[in-house]
Amino acid sequence: MPPGITTLAADAPELSAANTGFMLICSALVMLMTPGLAFFYGGMVRVKSTLNMLMMSFISLGIVTILWVLYGFSLAFGTDSGSVIAWSSDYVGLSGIGVTQLWDGYTIPVYVFAVFQLMFAIITPALISGALADRVKFTAWALFIALWVTVVYFPVAHWVWGTGGWLFEMGVIDFAGGTAVHINAGAAALGVILVIGKRIGFKKDPMRPHSLPLVMLGAGLLWFGWFGFNAGSWLGNDDGVGAVMFVNTQVATAAAMLAWLAYEKIRHGSFTTLGAASGAVAGLVAITPSGGSVSPLGAIAVGAIAGVLCAMAVGLKYKFGYDDSLDVVGVHLVGGVAGSLLVGFFATGGVQSKAKGLFYGGGFEQLGKQAIGVFAVLAYSLIVSAILAFVLDRTIGMRVPEDDEISGIDQVEHAETAYDFSGAGGGAGSRKAVPSADIAAASSGAAAAPNKKVDA
């Protein structure tokens, strides 16, 4: 029987209906985050890319689910092999798991743990998609997801959370995915965009969000689902740690949103809805690895620091010339790095573990461990993701043709458009038809110049 499985023997933990029900609810909340992410990203792109952006997240629900059942769960949480990968034949196809078998040391079934971790595996590659908006073939993206989760996400999840994983055994603290999810996705996004290049018109044409209400809806769904993402990662409610994580998630997110808005007001003179949504996500990212180690006051500090750092980081793409379309690098990579490293400063030693940070008398020991975890995952994901993108680009091609990118990836890749304006303007013949270019310009907030093609 592989590690992670116990039976309901007399000396073994008993299945807890309360913890099992709680974890099923948390799993559903984390699943909701992927559609929430789709709306968040979908509102941030121009009209002509809306459906493609939604689909880039939704397709992950299909691909990763099947791969997780076939072999992903085994690679991430099976029997350790050399501290870098795992494998257990009983987990292949989830065929060797009994209904009454519990996850080792916990009171929830293996099936519940497997489905909870599946939702993390689904959303991680979906996060990458925001950096690639407007320009990637859908078939290439689907194949990239399948390859990426196999050679990057599954092994890294084992490093960080699997029994025997080298970062887990070293004592790197990552409560719910600062390294395995956010740094992993952010570094992958950077690696891919360095290979595929910039959008046509980057730093020249306006590329404003077409629907800020969609962005705010997506951010709200992410915030809601993140309580399952974070509090559920303790796998139960027996000792109060999950409750602390729940509180810290709310506190850090609020602090980050306020800090981002304050920075934005000082730097640019306005409080924007996009800034509020982005700041909230930055706080959620940063508290993910650290919320089980810090106090609520520490969570305020983590959120505020991350809010300012991420607000500053989103402008780096213009300085260094990499086209991170929707700021995946600026928010998820930078926020993940900040939250993971801040464990080494603010860990109290009284919540998740006895490990203390620098400000609580723990010295530099935990900070050093956190730094190793951060840069190991960052380097591995960046390099391997760039290699995967390079191979795909040289074989099937990663980018759509230039004309298709200009005309709109939704129509080319999906034969649909997000909004149907055919009924606008009343009955047939009642008024002059509005040129489609003018409609697209109005939808994107761009002014249509006479005799000039509008990039909606």
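Residues numbered from 1 in each chain as written. Predicted model: local features only at pLDDT ≥ 70, side-chain atom pairs only at ≥ 80, totals over all residues. Heavy atoms only, no water.

**Some details on the side chain of Thr253**
Looking at the element boundaries, Thr253 is found in helix H8 (residues 241-268). The exposure class of Thr253 is buried, given its relative accessible area of 0%. With residues near it in sequence (within four places) discarded, Thr253 still touches Trp223, Ala280, Gly283 and Leu284. (Helix = DSSP H or I, 4+ residues; strand = E, 2+ residues; numbered from the N terminus. Buried < 20%, exposed > 50% of the residue type's maximum accessible area, 1.4 Å probe, protein only. Contact = heavy atoms within 4.5 Å.)

**Remarks on the nonpolar core**
Membership of the largest hydrophobic core comes to 108 residues, with the highest contact counts inside it found for Phe73 and Leu132. No other element matches the 15 residues that helix H4 (residues 138-161) contributes to this core. Not counting residues up to four positions away in its chain, the partners in contact with Phe73 are Trp68, Gly78, Tyr91, Leu94, Ile97, Trp103, Val110, Phe113 and Ala114. (Core = buried A, V, L, I, M, F, W, Y, C linked by side-chain atoms within 4.5 Å.)

**Overview of the pattern of salt bridges**
Counted according to the given criterion, the structure contains seven salt bridges. A salt bridge links Asp134 to Arg46; the nearest nitrogen and oxygen atoms lie 2.9 Å apart. Separated by 88 residues along the polypeptide, Asp134 in the loop between helix H3 (110-128) and H4 and Arg46 in the loop between helix H1 (17-44) and helix H2 (50-77) bring together distant segments of the chain. Assigned by exposure class, Asp134 and Arg46 land together as buried. Across the pair Glu365 and Lys369 runs a salt bridge whose closest N-O atoms are separated by 3.5 Å. Taken together, the residues Glu365 and Lys369, both in helix H13 (residues 365-395) and four residues apart, mark about one turn of the helix. (Salt bridge = Lys/Arg side-chain N within 4 Å of Asp/Glu carboxyl O.)

**Looking at a nonpolar patch on the surface**
Together, Ile383, Ile387, Phe390 and Val391 give the surface a local cluster of nonpolar side chains, amounting to about 370 Å² of exposed area. Within the element layout of this structure, Phe390 appears in helix H13. Residue classification places Phe390 among the partly exposed positions, given a relative accessible area of 42%. (Patch = residues over 30% accessible without salt bridge, like charges linked within 9 Å, V, L, I, M, F, W, Y side chains within 5 Å. Areas by Shrake-Rupley, 256 points an atom, 1.4 Å probe, with all protein chains shown as cover.)

**A short note on the packing of helix H9 (residues 273-290) against helix H12 (residues 328-346)**
Remark: H9 packs on H12, axes separated minimally by 7 Å, with the N-to-C direction vectors making an angle of 35°. You can see that H9 and H12 cross each other, and the crossing is right-handed. Together, Val281, Ala282, Val285, Ala286, Pro289 and Ser290 of H9 and Val331, His332, Gly335, Gly336, Gly339, Ser340 and Val343 of H12 make up the contact between the two elements. Its residues placed into classes, the contact of H9 with H12 shows seven nonpolar, six polar and no charged. (Axes fitted to C-alpha atoms, helices over the stretch in contact; angles between N-to-C directions. Left-handed = near helix turned anticlockwise from the far one by under 90°. Nonpolar A, V, L, I, M, F, W, Y, C, P; charged D, E, K, R; others polar.)

**Notes on the environment of Leu212**
The residue Leu212 is located in helix H7 (residues 212-231) in this model. Taking relative accessible area as the criterion, Leu212 reaches 32% and is therefore assigned partly exposed. Sequence spacing of Leu212 and Ala277 is 65 residues, and the spatial spacing of their C-alpha atoms is 9.4 Å. For Leu212, the contacting residues outside a window of four places in its chain are Thr273 and Leu274.

**Notes on the packing of aromatic side chains**
Overall, the coordinates contain 25 aromatic pairs when judged by the stated rule. Seen from their ring centres, Tyr153 and Phe154 are 6.2 Å apart, and the 75° between their planes marks the pair as edge-to-face. With a centroid separation of 5.4 Å and 50° between ring planes, the pair formed by Phe345 and Phe359 is classed as tilted. In this pair, Phe345 sits in helix H12 while Phe359 sits in the loop between H12 and H13, placing the two residues 14 residues apart along the sequence. (Phe/Tyr/Trp six-rings, centres within 6.5 Å; stacked < 30°, edge-to-face > 60°.)

**Looking at the side chain of Thr50**
For Thr50, the location among the structural elements is in helix H2. Owing to a relative accessible area of 3%, Thr50 belongs among the buried residues under this scheme. Within polar-contact distance, the side chain of Thr50 engages the backbone oxygen of Val47 at 3.0 Å. Apart from the residues within four sequence positions on either side, Thr50 is in contact with Gly42, Val45, His210, Asp410, Ala418 and Tyr419. (Polar contact = N/O pair within 3.5 Å; in protein donor to acceptor, adjacent residues only side chain to side chain.)

**Examining unusual backbone geometry**
Most peptide bonds take the trans form, and the phi angle of most residues other than glycine is negative. The phi torsion at Asp134 lies on the positive side, around 80°, for a residue other than glycine. The phi dihedral of Ala415 falls on the positive side, at around 55°, and the residue is not glycine. For Ala415, the location among the structural elements is in the loop between helix H15 (409-414) and helix H16 (436-444).

**Re the packing of H9 against helix H10 (residues 296-313)**
Across the interface, H9 lies against H10 with an axial gap of 8 Å and an inter-helix angle of 135°. Considering the angle they form, H9 stands oblique to H10. Seen along the crossing, H9 lies across H10 with a hand that is right-handed. Every residue of H10 that contacts H9 at Ala282, Ala286, Ile287 and Ser290 is listed here: Ala299, Val302, Ala306 and Cys310. Here the residues of the contact of H9 with H10 sort into seven nonpolar, one polar and no charged. (Parallel < 35°, antiparallel > 145°, perpendicular 65-115°, else oblique.)

**Structural notes on H8**
Counted at 1.5 Å a residue, the expected span for H8 with its 28 residues is 40 Å, and the 39 Å between its end C-alpha atoms agrees. Of the residues trailing H8, Gly269 is marked for its positive phi of about 90°. (Expected span 1.5 Å × (residues − 1).)

**Notes on the environment of Arg46**
When its relative accessible area of 3% is taken as the criterion, Arg46 is described as buried. C-alpha separation for the pair Arg46 and Gly408, spaced 362 residues apart in sequence, amounts to 9.3 Å.

**Focus: the environment of Ile128**
Mapped onto the elements, Ile128 comes out in helix H3. On a C-alpha basis, the gap between Ile128 and Ala187 in space is 8.8 Å, while along the polypeptide they are 59 residues apart. Discounting chain neighbours no more than four positions away, the residues touching Ile128 are Trp141, Phe144, Trp148, Ala185, Ala188, Ala189 and Val328.

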